[in-house]
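# Architecture and fold: a report
Residues per chain, in single letters:
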Amino acid sequence: MSAELERYEQRFRQAGLPLFIEDFSPTHDIFTRATPLLVLVFLAEMLGAISLNWPLWVNLLAALGGLAFLIGGFGVLNRLRGRPFWSLPKRFGTPELAVFVLLPASLPVVSDGQIRQFFGVAAGNLLLVGLVYTVVGYGLVGTTLWGLRRLAGELANSVASLVRALPLLLIFSLVLFITADTWQVFAGMPVAFVVFLAVGFAVLSNLFLMLRLPRELEAIERDVSSGPPLRRVQRMNLSLSLVIRQWMQVLVVSSGVGLFFVAFGMLAISDHIYQQWGIDHGGWSHTLLILNHPVVISSSLVKVAVGIATFTGLYYSIALLTDATYRADFLESLTTELRELFVTRAEYLDQRAQVSQSVSGPIAK
């Protein structure tokens, strides 16, 4: 593979778009890149051979025996697959993944006849395999790191969006904030319920973006794309990457609104209003003196601010793709970025075709 192709593919990985690489495969690229994690988990599961009912020295022997059992079992697979006994596989096919899932799960059965633990360990390992496939295969780590590297630019865009959004958001939110019913609802909530509410609304906003973005991407691709159309998995990879980026922007807007209402509540909601509304301070409160005026910050105030911020975040994420003003700004920026991405992909495919013709055969990884 040429150095130029390597640079293109590294750029796709850093942008969280590994599926834009034409030869990207689960057996070679996904599980092989996660080999250190899989090996660590595989060896740590030697503890499945121990039992809480045994003495310490017996458990030590059982753990060592379990380690030998795991290494020996994988070594036998290596020999059957034509590899040296002590080698790590360069490709993870179905046999390697099956051994990873089932061999550690068999330790509790062999050592102590615990059949229920077999299904628990096997299910956990299978879940880990699925998680690795999703995180590595769809470039979630690369997308997150890429988003963090561009956080300054995204923050500037988010602040600009927040400034444009504030008039409508404040009309929507201020009415809720200054009503006693809102305070009584949120102030009486346990902290766990407030956290659950915030997570639930974040999930709803992400689901909305994931349902709407693919259609927007198809329309933009028809208008600006060059080269062959994206495959379904590539479009899904791109949609997921954009959802994560937009989630960061929604998070900034929601956080800004939440901080605004904490500050506004400290200045506007006095002890007298707390008493008049029948609201206690919750688990904690502090009274500060600012310009000879006492201001109160309490757990109830924070709960109300978080609750309104979650509503605002959901509203903003929906407005990005439905409100004409936000939609125009969002799609204009998105169209510009996608045009650059499609041009880069077309150059990459042309480079691949040239390399393929020069070697008169398939491109080797």
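Before any of the text, the structure's been laid out above.
Below, the structure is looked at part by part. Please read these numbers as outputs of a predicted model, since none were measured by experiment.

## Some thoughts on a nonpolar patch on the surface
A surface patch of nonpolar side chains, amounting to about 520 Å² of accessible area, comprises Val191, Val195, Val199, Val203, Leu204 and Leu207. Of note, Val199 is situated in helix α11 (residues 191-224).

## Details of the side chain of Ser51
For Ser51, the location among the structural elements is in the loop between α3 (35-44) and α4 (56-80). Relative accessible area serves as the criterion here: at 6%, Ser51 is assigned to the buried category. Ignoring anything within four residues of it in the chain, the contact list for Ser51 reads Asn59 and Asp112.

## What about the packing of helix α12 (residues 232-268) against helix α14 (residues 299-322)?
α14 packs onto α12 with a crossing angle of 145° between their chain directions and a minimal axis gap of 8 Å. Here the hand of the crossing between α12 and α14 comes out right-handed. From α12, Gln246, Gln249, Val250, Val253, Ser254, Val257, Gly258, Phe261, Val262, Gly265 and Met266 reach across to α14, where they touch Leu301, Ala305, Ile308, Ala309, Thr312, Gly313, Tyr316, Ser317 and Leu320. Broken down by class, the residue content of the contact of α12 with α14 amounts to twelve nonpolar, eight polar and no charged.

## Considerations on the pattern of salt bridges
The full count for this structure, using the stated rule, is four salt bridges. Between Glu4 and Arg7 there is a salt bridge, with the nearest N and O atoms lying 2.3 Å from each other. With Glu4 and Arg7 both in helix α1 (residues 3-14), this residue pair falls three residues apart, about one helical turn. Overall, Glu4 belongs to the partly exposed group, its relative accessible area being 27%. A single network of salt bridges, built from pairs that share partners, joins Arg81, Arg83 and Glu96.

## Here we look at the nonpolar core
Core analysis: the biggest nonpolar cluster contains 52 residues, and Phe31, Leu38 and Leu238 have the highest contact counts within it. Contact partners of Leu38, with chain neighbours within four places excluded, come to Phe31, Phe92, Phe100, Leu128 and Val132. Membership of the second largest hydrophobic core comes to 20 residues, among which are Ala187, Leu197, Ile269 and Ile279.

## Describing the pairing of strand β2 (residues 293-298)
Pairing between strand β1 (residues 285-290) and β2: six bridges, direction antiparallel. Bridged to His286 within β2 is Ile297. Following β1, the chain reverses through two residues before pairing antiparallel with β2; Leu291 in that reversal takes a positive phi of roughly 55°.

## As for α14
The terminal C-alpha atoms of α14 lie 35 Å apart, and with 24 residues this matches the ideal 34 Å at 1.5 Å per residue to within 8%. Counting buried residues in α14 gives 18 out of 24 residues, a clear majority hidden from the surface.

## Some remarks on α4
Across its 25 residues, α4 extends 36 Å between first and last C-alpha, which sits within 8% of the 36 Å expected from 1.5 Å per residue. Looking at α4, one finds that the buried residues are Asn59, Ala62, Ala63, Gly66, Leu70, Phe74, Gly75, Leu77 and Asn78. Positive phi appears at Gly82, one or two residues downstream of α4, with a value of about 80°.

Criteria and thresholds
- Residues numbered from 1 in each chain as written.
- Predicted model: local features only at pLDDT ≥ 70, side-chain atom pairs only at ≥ 80, totals over all residues.
- Heavy atoms only, no water.
- Patch = residues over 30% accessible without salt bridge, like charges linked within 9 Å, V, L, I, M, F, W, Y side chains within 5 Å.
- Areas by Shrake-Rupley, 256 points an atom, 1.4 Å probe, with all protein chains shown as cover.
- Salt bridge = Lys/Arg side-chain N within 4 Å of Asp/Glu carboxyl O.
- Helix = DSSP H or I, 4+ residues; strand = E, 2+ residues; numbered from the N terminus.
- Buried < 20%, exposed > 50% of the residue type's maximum accessible area, 1.4 Å probe, protein only.
- Contact = heavy atoms within 4.5 Å.
- Axes fitted to C-alpha atoms, helices over the stretch in contact; angles between N-to-C directions.
- Left-handed = near helix turned anticlockwise from the far one by under 90°.
- Nonpolar A, V, L, I, M, F, W, Y, C, P; charged D, E, K, R; others polar.
- Core = buried A, V, L, I, M, F, W, Y, C linked by side-chain atoms within 4.5 Å.
- Pairing = 2+ DSSP bridges.
- Expected span 1.5 Å × (residues − 1).

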